[in-house]
Amino acid sequence: MSKASLIIDRVVYLLHEHLNLLEEARRGVALSRATRGGVVDEVLDSLGKLRSSRARLLEEIRAIGGLDNLSSGEVEDLIALLGYYVEVAYANELSVLLDARDIVDVSYDLLDIEGLRREAQSILSRLLSR
(Lines give C-alpha, C1' and ligand atoms only; values in the text may rest on other atoms or scores of the structure.)
Protein backbone atom coordinates (compact mmCIF):
# COMPACT_ATOMS: atom_id res chain seq x y z
CA MET A 1 0.00 0.00 0.00
CA SER A 2 1.39 3.40 -0.95
CA LYS A 3 2.03 6.22 1.48
CA ALA A 4 -0.75 8.21 -0.19
CA SER A 5 -3.20 5.34 0.29
CA LEU A 6 -2.34 5.14 3.98
CA ILE A 7 -2.87 8.88 4.41
CA ILE A 8 -6.15 8.72 2.49
CA ASP A 9 -7.35 5.91 4.76
CA ARG A 10 -6.38 7.88 7.87
CA VAL A 11 -8.13 11.02 6.60
CA VAL A 12 -11.28 9.01 5.87
CA TYR A 13 -11.17 7.58 9.40
CA LEU A 14 -10.52 10.99 10.96
CA LEU A 15 -13.33 12.65 9.03
CA HIS A 16 -15.70 9.88 10.11
CA GLU A 17 -14.56 10.28 13.70
CA HIS A 18 -14.92 14.06 13.38
CA LEU A 19 -18.52 13.67 12.22
CA ASN A 20 -19.32 11.47 15.23
CA LEU A 21 -17.65 13.93 17.61
CA LEU A 22 -19.63 16.80 16.11
CA GLU A 23 -22.85 14.91 16.83
CA GLU A 24 -21.68 14.23 20.38
CA ALA A 25 -20.90 17.93 20.85
CA ARG A 26 -24.25 18.93 19.35
CA ARG A 27 -26.04 16.63 21.82
CA GLY A 28 -23.99 18.03 24.71
CA VAL A 29 -24.88 21.60 23.77
CA ALA A 30 -28.56 20.68 23.50
CA LEU A 31 -28.47 18.93 26.88
CA SER A 32 -26.72 21.89 28.48
CA ARG A 33 -29.36 24.25 27.12
CA ALA A 34 -32.17 21.95 28.25
CA THR A 35 -30.73 21.93 31.77
CA ARG A 36 -30.10 25.69 31.63
CA GLY A 37 -26.34 25.28 31.75
CA GLY A 38 -26.38 22.49 34.29
CA VAL A 39 -24.35 20.06 32.18
CA VAL A 40 -21.34 22.05 31.01
CA ASP A 41 -18.82 19.25 31.59
CA GLU A 42 -20.20 17.23 28.67
CA VAL A 43 -19.78 20.22 26.35
CA LEU A 44 -16.22 20.80 27.55
CA ASP A 45 -15.39 17.11 27.16
CA SER A 46 -16.79 16.88 23.64
CA LEU A 47 -15.03 20.10 22.59
CA GLY A 48 -11.77 18.67 23.93
CA LYS A 49 -12.26 15.55 21.81
CA LEU A 50 -12.99 17.74 18.78
CA ARG A 51 -9.76 19.70 19.38
CA SER A 52 -7.78 16.48 19.47
CA SER A 53 -9.48 15.19 16.33
CA ARG A 54 -8.85 18.51 14.59
CA ALA A 55 -5.14 18.39 15.49
CA ARG A 56 -4.79 14.87 14.05
CA LEU A 57 -6.68 15.93 10.94
CA LEU A 58 -4.37 18.93 10.47
CA GLU A 59 -1.36 16.64 10.76
CA GLU A 60 -2.71 14.36 8.03
CA ILE A 61 -3.68 17.28 5.81
CA ARG A 62 -0.15 18.64 6.08
CA ALA A 63 1.15 15.19 5.16
CA ILE A 64 -0.96 15.35 2.00
CA GLY A 65 0.89 18.52 1.03
CA GLY A 66 4.15 16.62 1.04
CA LEU A 67 3.02 13.81 -1.23
CA ASP A 68 4.51 13.43 -4.70
CA ASN A 69 3.79 11.08 -7.59
CA LEU A 70 0.11 10.69 -6.83
CA SER A 71 -2.02 8.61 -9.15
CA SER A 72 -5.03 10.29 -10.72
CA GLY A 73 -7.28 8.19 -8.46
CA GLU A 74 -5.40 9.32 -5.35
CA VAL A 75 -5.64 12.95 -6.46
CA GLU A 76 -9.40 12.55 -6.98
CA ASP A 77 -9.82 10.92 -3.57
CA LEU A 78 -7.85 13.68 -1.86
CA ILE A 79 -9.78 16.39 -3.69
CA ALA A 80 -13.05 14.82 -2.55
CA LEU A 81 -11.88 14.47 1.06
CA LEU A 82 -10.45 17.97 1.32
CA GLY A 83 -13.47 19.41 -0.47
CA TYR A 84 -15.71 17.66 2.05
CA TYR A 85 -13.81 19.21 4.95
CA VAL A 86 -13.67 22.69 3.40
CA GLU A 87 -17.37 22.78 2.53
CA VAL A 88 -19.29 20.41 4.82
CA ALA A 89 -17.31 19.45 7.93
CA TYR A 90 -16.11 23.01 8.50
CA ALA A 91 -19.68 24.39 8.25
CA ASN A 92 -20.99 21.71 10.64
CA GLU A 93 -18.26 22.39 13.17
CA LEU A 94 -18.74 26.14 12.89
CA SER A 95 -22.44 25.67 13.60
CA VAL A 96 -21.75 23.56 16.69
CA LEU A 97 -19.16 26.03 17.98
CA LEU A 98 -21.45 29.00 17.47
CA ASP A 99 -24.16 27.19 19.44
CA ALA A 100 -21.66 26.30 22.18
CA ARG A 101 -20.28 29.81 22.57
CA ASP A 102 -23.25 30.74 24.76
CA ILE A 103 -22.16 28.01 27.17
CA VAL A 104 -18.33 27.99 27.01
CA ASP A 105 -15.54 30.03 25.47
CA VAL A 106 -14.87 28.73 21.96
CA SER A 107 -12.83 31.65 20.63
CA TYR A 108 -9.71 29.46 20.29
CA ASP A 109 -11.72 26.77 18.52
CA LEU A 110 -13.12 29.28 16.04
CA LEU A 111 -9.60 30.44 15.18
CA ASP A 112 -8.42 26.85 15.01
CA ILE A 113 -11.04 25.71 12.51
CA GLU A 114 -10.31 28.73 10.33
CA GLY A 115 -6.63 27.75 10.27
CA LEU A 116 -7.46 24.14 9.42
CA ARG A 117 -9.81 25.24 6.67
CA ARG A 118 -7.16 27.56 5.18
CA GLU A 119 -4.62 24.73 5.21
CA ALA A 120 -7.09 22.35 3.56
CA GLN A 121 -8.05 24.97 0.95
CA SER A 122 -4.42 25.63 0.11
CA ILE A 123 -3.65 21.97 -0.48
CA LEU A 124 -6.93 21.49 -2.32
CA SER A 125 -6.00 24.33 -4.68
CA ARG A 126 -2.63 22.72 -5.38
CA LEU A 127 -4.29 19.38 -6.08
CA LEU A 128 -6.83 20.98 -8.40
CA SER A 129 -4.07 22.69 -10.39
CA ARG A 130 -2.31 19.38 -11.18
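As shown above, the structure is provided for reference.
Nothing here was measured: the structure is a model prediction, and the numbers come from that model.

Peer 1: Just to check I follow, could you spell out the overall build of the protein for this structure?
Peer 2: Summing up its helical and strand segments, the protein has 4 helices and 0 strands in all. Along the protein, helices and strands appear, N-terminal first, in the series α-α-α-α. For the protein, with 130 residues in total, the buried portion stands at 38%. If you take every contact in the protein between residues at least 6 apart in sequence, the share linking residues at least 24 apart comes to 80%. Carbon and sulfur atoms make up 52% of the accessible area of the protein, which totals about 7000 Å².

Peer 1: How should the nonpolar core be read in this particular structure?
Peer 2: A general trend in soluble globular proteins is that nonpolar side chains are found buried together. Within the largest apolar cluster, 38 residues are counted, with the highest numbers of intra-cluster contacts made by Leu47, Leu57, Ile64, Leu82 and Tyr85. Sorting the residues of this core by element identifies α1 (3-34), α2 (40-65), α3 (72-100) and α4 (107-128) as the ones contributing at least two each. Counting residues per element, this core draws most heavily on α3, at 11 residues. When sequence neighbours within four positions are dropped, the list of residues in contact with leucine 82 reads Ile61, Ile64, Ala120, Ile123, Leu124 and Leu127.

Peer 1: Even after reading the chapter, I still don't get α4, so can you show me in this structure?
Peer 2: Every α-helix carries 3.6 residues per turn, so stepping three or four residues along brings you back to the same face. Here α4 spans 31 Å end to end across 22 residues, near enough to the 32 Å set by a 1.5 Å rise per residue. Buried within α4 we find Asp109, Ile113, Leu116, Ala120, Ile123, Leu124 and Leu127. The buried residues of α4 occupy an angular sector of 105 degrees when projected down its axis, which confines them to one face. Turned more than 90 degrees away from the buried face of α4, the exposed residues are Leu111 and Arg118. In this structure, the buried residues of α4 make contact with α2 and α3.

Basis of the calculations
Residues numbered from 1 in each chain as written. Predicted model: local features only at pLDDT ≥ 70, side-chain atom pairs only at ≥ 80, totals over all residues. Heavy atoms only, no water. Helix = DSSP H or I, 4+ residues; strand = E, 2+ residues; numbered from the N terminus. Buried < 20%, exposed > 50% of the residue type's maximum accessible area, 1.4 Å probe, protein only. Contact = heavy atoms within 4.5 Å. Areas by Shrake-Rupley, 256 points an atom, 1.4 Å probe, with all protein chains shown as cover. Core = buried A, V, L, I, M, F, W, Y, C linked by side-chain atoms within 4.5 Å. Expected span 1.5 Å × (residues − 1). Arc of directions from axis to C-beta.

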